[in-house]
Amino acid sequence: MSSTSGGELLEVDDLHTFYGNIEALKGVSLRVSEGEVVTLIGANGAGKSTTLRSVSGLTPPRTGTIRFRGRDISVTPPQEIVRLGISHAPEGRHVFPRMTVIDNLMLGAFLRRDGGIEADLERVFKLFPRLEERRKQKGGTMSGGEQQMLAIGRALMANPDLLLLDEPSMGLAPILVERIYETIAEINRQGTTILLVEQNANFALEISTRGYVLETGQVALSDAAHALRENDDVKKAYLGI
Amino acid sequence: MSAGDGNLGAGGQNRMARIRERYGVLRRRGDAIWARRYARLAIVLVAAAAVILFPYLFQPGSTFLFDLVEAVAFVVMALGLNVVVGFAGLLDLGYVAFFAIGAYTIGWFGSGFFAYVNHTKGIHILTSGLASTLPGIHINLTAGRQGITPIDPGQLPGLNPFDPLNLRPWYWVALGMVAIVLLVNVRLRDSRLGRAWVALREDEVAAASMGVPLVKTKLMAYATGAAFGGMSGAFIASYLNTVNADQFAFSFSIFVLAMVILGGLGSIWGVVLGAIVLSFINTWLIPSVIPNLSSKIGIKVDLTSLSYGIFGFLLVIMMVLRPQGLLPERRRKLEFVEHVGTGPTDMSAERV
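Residues numbered from 1 in each chain as written. Chains lettered and ligands numbered in written order. Predicted model: local features only at pLDDT ≥ 70, side-chain atom pairs only at ≥ 80, totals over all residues.

Helices and strands together make up the secondary structure of chain A, namely 10 helices and 10 strands. Against the 2.2 N^0.38 benchmark of 18 Å for 241 residues, chain A shows a C-alpha radius of gyration of 17 Å, consistent with a compact globule. When the backbone C-alpha atoms are referred to their principal axes, chain A occupies close to 45 × 45 × 35 Å. Residues counted as buried form 51% of the 241 residues belonging to chain A. Taking the intrachain contacts of chain A between residues at least 6 apart in sequence as the baseline, contacts between residues at least 24 apart amount to 66%. (Helix = DSSP H or I, 4+ residues; strand = E, 2+ residues; numbered from the N terminus. Rg over C-alpha atoms; globule rule 2.2 N^0.38 Å. Buried ≥ 20, exposed ≤ 12 C-beta atoms within 10 Å, placed from the backbone. Contact = placed C-beta atoms within 7 Å.)

Rendered as C-alpha cells:
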C-alpha cells in the first residue's frame, strides 16, 4: 500500500471531472477515514453528485486521483469498484421499477459469490422492516420513502466498506427524512463508512463526523460537522437558519 | 467460494430460487405443486408430438409446407433478436448482417464455390464464372446478385433425402433448431446474465452502480442474438438453395423486429407466435389469399409490392391497441398496461 496518510479509507486529490466540455469538478480533494460519516453539502450544480459518481466510476474523472485503501481507482470500471467495496446509491433512487423488492435487493449482490448474502438480506430487512413487508411488491409501485429504503438496502447488499449515498432525503416528508437518517446512523454504527451528499444539510450534519462544503466544483470549506453547524455562513446558506 | 458458483452458473440460479422461495416470492404460482408439474409436462409432450407429426397432414412437397419451413426458420431468427431487443432492451437494426454471415458461410463451404480457387493463372479467392478464368487477382465474397447456387443440402442420418420434393426433413431440422433456441432462451432469461439484462433494460444507471458490467452484458446479448441469426441464415440459404446479395436488405431487419414487437418484446412464446403470424402474412396471406379473394368478387388486388407498408400499418395498429404484444411478457405488461415505472413517478411523486 502506498498510503502515506495512515488510516484513510478514501483519498481524493485534485479531481477534475467533465460532462462533455463542462467542467463539473475543478480540483476537488477530500478524505474519508474508516468508520466516519462524511457529508458533502452545497447548492445545485456544486458538484456533489459528480464527486460521488467519480468515486464510483460512473463518471470517471479526467484528471486527479482517487485512492481507496491506498489503491488508485481513478480509471477503474464501476463493476471493479463495487467489487473492491464501494457501493453507490445514486441520486433519484433508481429502483428497478418492474422488479420485486427481493429481486431489486438481490441485484445489489450481483457480483457476490460468498455465502453471506442471505445474512445481509436479513440485515437489510432488520434495518428496513417495511421492505420485508413489501418484498413481493414491484419497486415502481412503492412510495418515495419506500423506494429510498430500497435504494439504500440494495446498495448495502453489495456488503460495502464505503457506502455512497446521494440525497437520501430527496422528495421525502420530514418525518421520513428523520427515520431514514436514523437508519443511516445505524448502518454506520454497524461498521460501514459513509460518504453522503445532501442539500438538506441539517439532518446530514447531525449524524456526520465531518463535512465539506462544495461551491461551483470546488471545496469551499471543510470542518468537523458540529463546527459546520455553528458556522454562520453555512447556517445562512445551507441550513436555512 | 463454492465450486458451483461459475460466472453465469447454476449456483446463482439456485441461490435466487432459494431466496425467492424462502421469502415466499415465486416466479410462477404453483411451481412447487407436483400435480401441476406433471400436467404441464404432459401438455408439453402432446404439443411436441403434434408439432413433430404436423407435416404428415400435408403433401411432402406442398406450398404450405414450404412456407411453414420458412416460418419455423424465422422463429429461430426472431428468438435470437428477442434476446437483444426483448431481454436486454437494445435496438438492433443490423440484425440482417448476422443472417447474411450465416447464409454466406453455408454458401462458401456448402457449394462448389471453393472449387474455383486458384483455378487458372493468378490469384482467385472465391470467384466464380468468368472471373475465375481471367488472369490477375480476383476476390469475390458474395458473388453479387447472381449469388451462390446451388448449395448442397444437409446429410443427416435418418432424415434424408433433403430435396425440394420432400420438405419434411427440412421441417424437422428447423424444428430441432427452434427447440435448441427455445431452451437457450428460457435458460438465459432465468440466469444471472438474464437478470443483468433485465436490470440494464429497467435502469441502466442503477445496473451500472450495482456492478453490472455494461459493455460486456450488452455484447453478450448482441453475440447471442447474432449466433441465432447466423444459424437461421445458414439454414435458409441451404433451404432456398441460394444465397445472393438481394436477400439481405435493411427491410429484412425491420421484418424480424416487427415479429418480435408483434408477439411481445421479451416474451418467448409471443415471439414464436409473432414470427409465425408475420411469416405467413408475408408468404401466404398477401401473395395468395388476398388476390384470390379479390378476384372472386371481380376486383384485382395485388398487395405484394405493398407488403412492408402493410407490416408498418400492422405495427401502428398494435401500438395503439395492444402495445404489449400478442402474448406479453410480465414486465412489459406492467409497463404498458398497468403503467408501473412509467411517467414522472420515480423522482417527484410523494405517496407515503
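Turning our attention to the overall build of chain B. Helices and strands together make up the secondary structure of chain B, namely 13 helices and two strands. By residue count, 36% of the 352 residues in chain B fall in the buried class.

Residue and element names in this part refer to chain B. In this model, helix 5 (residues 168–189) (22 residues) spans 31 Å end to end at C-alpha, consistent with the 32 Å of a helix rising 1.5 Å per residue. Listing the buried residues of helix 5 in full gives Pro169, Trp170, Tyr171, Val173, Ala174, Met177, Val181, Asn185 and Arg189. Summarising the contacts, the buried residues of helix 5 are in contact with helix 3 (63–87), helix 6 (192–202), helix 8 (214–240) and helix 10 (268–296). (Expected span 1.5 Å × (residues − 1).)

All names here are of chain A. Strand order in the open sheet made by the six strands is 6-7-8-3-9-10, with mixed pairing throughout. Each having just a single partner strand, strand 6 (86–89) and strand 10 (218–224) make up the two edges of the open sheet. The mean angle between the axes of side-by-side strands here comes to 15 degrees, regardless of whether they run parallel or antiparallel. Pairing geometry for strand 7 (residues 162–166) and strand 8 (residues 193–198), over five bridges, is parallel. Each residue of the ladder has a partner; that of Leu165, found in strand 8, is Leu196. The strands touched by helix 1 (residues 48–56) within the sheet are strand 3 (37–42), strand 6, strand 7, strand 8 and strand 9 (210–215), with strand 7 carrying the most contacts at an inclination of about 145 degrees. (Pairing = 2+ DSSP bridges. Axes fitted to C-alpha atoms, helices over the stretch in contact; angles between N-to-C directions.)

Residues and elements named next belong to chain A. In space, the four strands of this open sheet follow the order 2-1-4-5, with antiparallel pairing throughout. The sheet terminates laterally at strand 2 (22–33) and strand 5 (71–72), the two strands that pair on one side only. With five bridges joining them, strand 1 (residues 8–19) and strand 4 (residues 63–68) adopt antiparallel strand pairing. Within strand 4, the residue paired with Asp13 across the bridge is Thr65.

Attention shifts here to the environment of Tyr308(B). Note that Tyr308(B) resides in helix 11 (residues 307–321). As for Tyr308(B) and Val272(B), which are separated by 36 residues in sequence, their C-alpha atoms are 20 Å apart.

So, about the environment of Phe98(B). Residues and elements named next belong to chain B. Looking at the secondary structure, you find Phe98 in helix 4 (residues 95–109). Given 25 C-beta atoms within 10 Å, Phe98 falls into the buried group. Spatially, the C-alpha atoms of Phe98 and Tyr56 are 33 Å apart, while their sequence positions differ by 42 residues. Excluding residues that lie within four positions of it along the chain, Phe98 makes contacts with Ala226, Gly229, Gly230 and Gly233.

The next subject is the domain arrangement of chain B. Residue and element names in this part refer to chain B. The domain boundaries assigned to chain B delineate domain 1 (14–57) and domain 2 (58–111 + 148–339). Between the C-alpha centres of domain 1 and domain 2 there is a distance of 24 Å. In terms of residue class, the side of domain 1 that touches domain 2 is made up of four nonpolar, no polar and no charged. (Domains from an automatic or database assignment. Nonpolar A, V, L, I, M, F, W, Y, C, P; charged D, E, K, R; others polar.)

Phi at Thr216(A) takes a positive value of approximately 40 degrees, unusual for a residue other than glycine. Structurally, Thr216(A) is set in the loop between strand 9 and strand 10. A positive phi angle, close to 55 degrees, is found at His339(B), a residue other than glycine. Turning to its location among the elements, His339(B) is positioned in the loop between helix 12 (330–336) and helix 13 (345–348). Taking the C-beta count within 10 Å as the criterion, His339(B) has 11 such neighbours and is therefore assigned exposed.

Residue and element names in this part refer to chain A. Summarising burial for strand 3: six of the six residues are buried, a large majority. Both faces of strand 3 are covered, namely the face carrying Val37, Thr39 and Ile41 and the face carrying Val38, Leu40 and Gly42. As judged from the five bridges shared by strand 3 and strand 8, these two strands associate in the parallel manner. Along strand 8, the bridge assignment pairs Thr39 with Leu196.

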